[in-house]
Amino acid sequence: MKLAVLVILCSLSVYAHPSLKAAEICTADKCKIEDDCRCSSRINPINNADDPAPQLIAITVSESIVQTLYDNYLQPLFFDRTNPDGSPVGLTFYVPHEYTDYYLVQDLYLRGYEIGDHSITKTPNQTYWREATPDDLEQEFSGQKTIISTFANIPAEDIVGVRTPQLQIEGDTSINAYVTSGLGYDNSWPTYSTERILPYTLTYASNQKCSATIQCPKDSHPNFWVAPITNIKGANNTECNSLATCLVAGTADEIATWLYNEVDAVRNDNREPLTLRLDSYWFLFTENSYEGFVAFLDKIKSLDDVFLVSVQDILQWIKNPVSASQYKVPDHSGRTADCHKISCRLMNEDNQERYMMSCVPCPAVYPWKGNPLGEASK
Ligand SMILES: *[C@@H]1O[C@H](CO)[C@@H](O)[C@H](O)[C@H]1NC(C)=O
Ligand SMILES: *[C@@H]1O[C@H](CO)[C@@H](O)[C@H](O)[C@H]1NC(C)=O
């Protein structure tokens with residue numbers, strides 16, 4: 001009798017925490033796009049040789065938003081660039097906190113770009129991320145969402161995407177932290193160039209492979225989306241997932257041709273939406289990379305079925321898939337937000353000075369993990 005009560009109590013507690021429920025095998029009859037569910041697979045929902053899917057590409061940036069990045073790269077590369085249908089190109093910024101200028105974050109938001117979350121500390125300490133507790137991760141991601149929405153003064157509900165530093169996913173612990181932080185998709189999980197898996201939900205078990213350095217989620221996370229980062233082939237045909245770490249060297253024309261061919265390989269295969277990770281240090285440390293990247297962007301513009309969009313736009317497409325000829329880039333013009341631009345001189349936890357450009361009055365101290373609003377006496 002006692003045992004039976006115990007068993008009932010245990011099973012009740014299991015069901016009270018959906019994250020403890022191991023994910024079941026995904027089948028198309030259980031997991032339907034109208035229920036905000038999709039199995040992990042290579043199958044493109046548009047399968048028509050005469051009018052194929054659009055080739056969507058999200059260029060993503062996950063570094064601090066500072067004036068030099070804005071002036072030297074973002075403005076000249078993207079602000080006047082358009083897609084084949086005339087719409088402005090999209091980008092996704094996963095914004096970390098330290099040194100970020102929140103006036104510029106609002107500016108990028110108003111230009112229609114997607115603003116996502118990249119943690120507060122973005123610390124390069126791998127042990128920290130590996131040993132992080134659920135509470136640590138929630139403070140990192142929920143805290144950064146609070147910091148962005150407060151100091152850039154943009155709606156929190158528009159911040160739905162997340163990328164974890166160093167792409168170090170710690171299985172269900174990471175996904176649970178994202179969910180409790182009110183985030184809806186992850187764009188951190190690399191996959192081999194041969195896999196080419198389209199975005200999917202973690203409602204059921206994922207088929208996406210996990211490299212040795214990260215942990216795969218095993219539980220069911222209903223309606224939480226994964227936008228995989230599919231590797232491309234870099235120098236000497238090595239698998240890579242950031243333009244900088246692909247280590248391709250050469251003339252601008254050679255760099256442009258390399259990137260174009262990588263995109264074209266996917267375009268001639270299953271047209272899986274691509275994520276390209278752009279780091280500004282690529283331009284500083286690789287000769288001809290800037291000119292090569294411009295030449296690449298110019299070259300793909302001649303393809304009328306290739307669109308540069310945000311990761312959020314990619315998810316919108318897969319939830320409502322249409323062919324290239326029917327595809328319209330979502331319109332993000334008409335966003336509004338107020339900014340009373342103010343430069344805040346603040347002290348951080350180590351008593352070091354940090355300047356923070358804010359759209360709202362300055363906090364008492366530099367916002368940080370555990371104190372995202374930068375309140376006094378914490
Ligand atoms: C890295 O993080 C771990 C765990 O939080 C900590 O114990 C260690 O001191 C950190 N290492 C450095 C170099 O900061
Ligand atoms: C590619 O291979 C060549 C020949 O083995 C080598 O010299 C070169 O350093 C390699 N490049 C990279 C970026 O690994």
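Heads up: these notes are all about the structure in this document. Starting afresh in each chain, residues are numbered from 1 along the sequence in its written order. Whichever chain is written first becomes A and whichever ligand is written first becomes 1, with later ones labelled in order. Given that the model is predicted, a residue must reach a pLDDT of at least 70 before its local features are reported, and side-chain atom pairs must reach 80 or more before they are shown or counted; all residues, however, enter totals for whole chains, interfaces and linings. Each side-chain value is worked out from all heavy atoms of the structure, with water and hydrogens disregarded.

This part takes up the overall build of the protein chain. If you tally the helices and strands in the protein chain, you get ten helices and 15 strands. If one aligns the C-alpha atoms of the protein chain with their principal axes, the spans along those axes are about 75 × 55 × 40 Å. Think of it in three bands: with a 1.4 Å probe and only protein chains considered, a residue is buried below 20% of the maximum accessible area for its type, exposed above 50%, and partly exposed in between. Here the protein chain holds 378 residues, and 52% of them are scored as buried. Between two residues, a contact is recorded if the distance between any of their heavy atoms is within 4.5 Å. A separation threshold of at least 6 residues defines the contact pool for the protein chain, and within that pool the share at least 24 residues apart is 70%. Working definition of accessibility: Shrake-Rupley area with a 1.4 Å probe, residue cover restricted to the visible protein chains. With an accessible surface of roughly 17100 Å², the protein chain has 52% of that area assigned to carbon and sulfur atoms. Residues scored as positive are Lys and Arg, those scored as negative are Asp and Glu, and His as well as the terminal groups of each chain are ignored. All charge positions are set by atom: Lys at NZ, Arg at CZ, Asp at CG, Glu at CD. Averaging the positions of the 29 positive and the 48 negative side-chain charges in the protein chain gives two centres separated by 4 Å. Helix and strand assignments follow DSSP, with helices taken as H or I runs no shorter than four residues and strands as E runs no shorter than two, numbered in order from the N terminus.

This brings us to the site of ligand 2. Put simply, a residue is near a molecule or strand once any heavy atom of it comes within 4 Å of that molecule or strand. For ligand 2, the full set of nearby residues is A235, N236 and L247. For ligand 2, an oxygen atom lies 2.3 Å from a polar atom in the side chain of N236. The fraction of the free accessible surface of ligand 2 (360 Å²) that becomes covered by protein chains is 27%. For this analysis, a polar contact is any N or O atom pair within 3.5 Å, provided that within protein one partner can donate a hydrogen and the other can accept it, and provided that sequence-adjacent residues contribute only side-chain to side-chain pairs.

A few words on the site of ligand 1. Ligand 1 sits among N125, Y128 and E131. Here an oxygen atom of ligand 1 and a side-chain polar atom of N125 are 2.4 Å apart. Against a free-state accessible area of 360 Å², the protein chains account for coverage of 30% of ligand 1.

Moving on, we get to the nonpolar core. Within this scheme, the nonpolar core is defined by two criteria: the residues are buried Ala, Val, Leu, Ile, Met, Phe, Trp, Tyr or Cys, and they are joined through side-chain atoms within 4.5 Å. Counting residues in hydrophobic clusters, the biggest one holds 77 residues, and the most contacted among them are F78, F93, F293 and F296. Setting aside its immediate chain neighbours within four residues, F78 contacts I59, Y73, V89, L91, Y113, L278, F293 and L297. By size, the runner-up hydrophobic cluster in this structure holds 18 residues, among which are L56, A58, W225 and V309.

Note on terminology: disulfide describes a covalent bond linking the sulfur atoms of two cysteines. Note on disulfides: each one is a pair of cysteine sulfur atoms within 2.5 Å. For the structure on display, the rule yields six disulfides. Across the disulfide from C210 sits C216; the S-S distance is 1.5 Å. Disulfide C210-C216: torsion about the S-S bond near 130°, hence right-handed. Residue class for C210 comes out partly exposed when judged on its relative accessible area of 27%. Taking the relative accessible area as the measure of exposure, C216 reaches 15% and is therefore buried. The disulfide pattern of the protein chain is 1-4, 2-3, 5-6, 7-8, 9-11, 10-12 when the bonded cysteines are numbered in sequence order.

Those residues of helix α6 (residues 171-180) not exposed but buried are G171, D172, S174, I175, A177 and Y178. The secondary structure elements touched by the buried residues of α6 are α5 (134-151), β4 (161-162), β5 (185-186), β7 (200-202) and β8 (221-226). Directly beyond the C-terminal end of α6, a positive phi value near 75° is found at G182.

Time to look at the pattern of salt bridges. We count a salt bridge whenever a side-chain nitrogen from Lys or Arg sits within 4 Å of a carboxyl oxygen from Asp or Glu. Counted by the stated rule, this structure contains 13 salt bridges. For R267, the salt bridge goes to D264, with nearest N and O atoms at 2.8 Å. Separated by three residues within a single helix, R267 and D264 lie in helix α7 (residues 252-267), roughly one turn from each other. The same class applies to R267 and to D264, which are both buried. We note a salt bridge from R345 to E353, for which the minimum N-O separation is 2.4 Å. For R345, a relative accessible area of 52% gives the class exposed. Through salt bridges with shared partners, one network takes in D264, R267, R271 and D305.

Here the focus is unusual backbone geometry. Glycine aside, a negative phi is what most residues show, and trans is what most peptide bonds show. Backbone geometry at S119 places phi at a positive 80°, although glycine is not the residue there. Tracing the backbone through its elements, the reader meets S119 in the loop between β3 (114-117) and α4 (126-131). Its identity is not glycine, yet N236 carries a phi of approximately 55°, on the positive side.

Attention now moves to the pairing of strand β12 (residues 274-277). Burial along β12 is two-sided: the face carrying L274 and L276 and the face carrying T275 and R277 are both buried. Strand pairing is assigned whenever DSSP identifies at least 2 bridges connecting the two strands. Two strands pair when backbone bridges link them, and strand β1 (residues 55-61) and β12 are joined in this way by four bridges, in the parallel orientation. Bridging across to β12, I57 finds its partner in L274.

Limitation: the analysis is restricted to geometry and does not speak to function.
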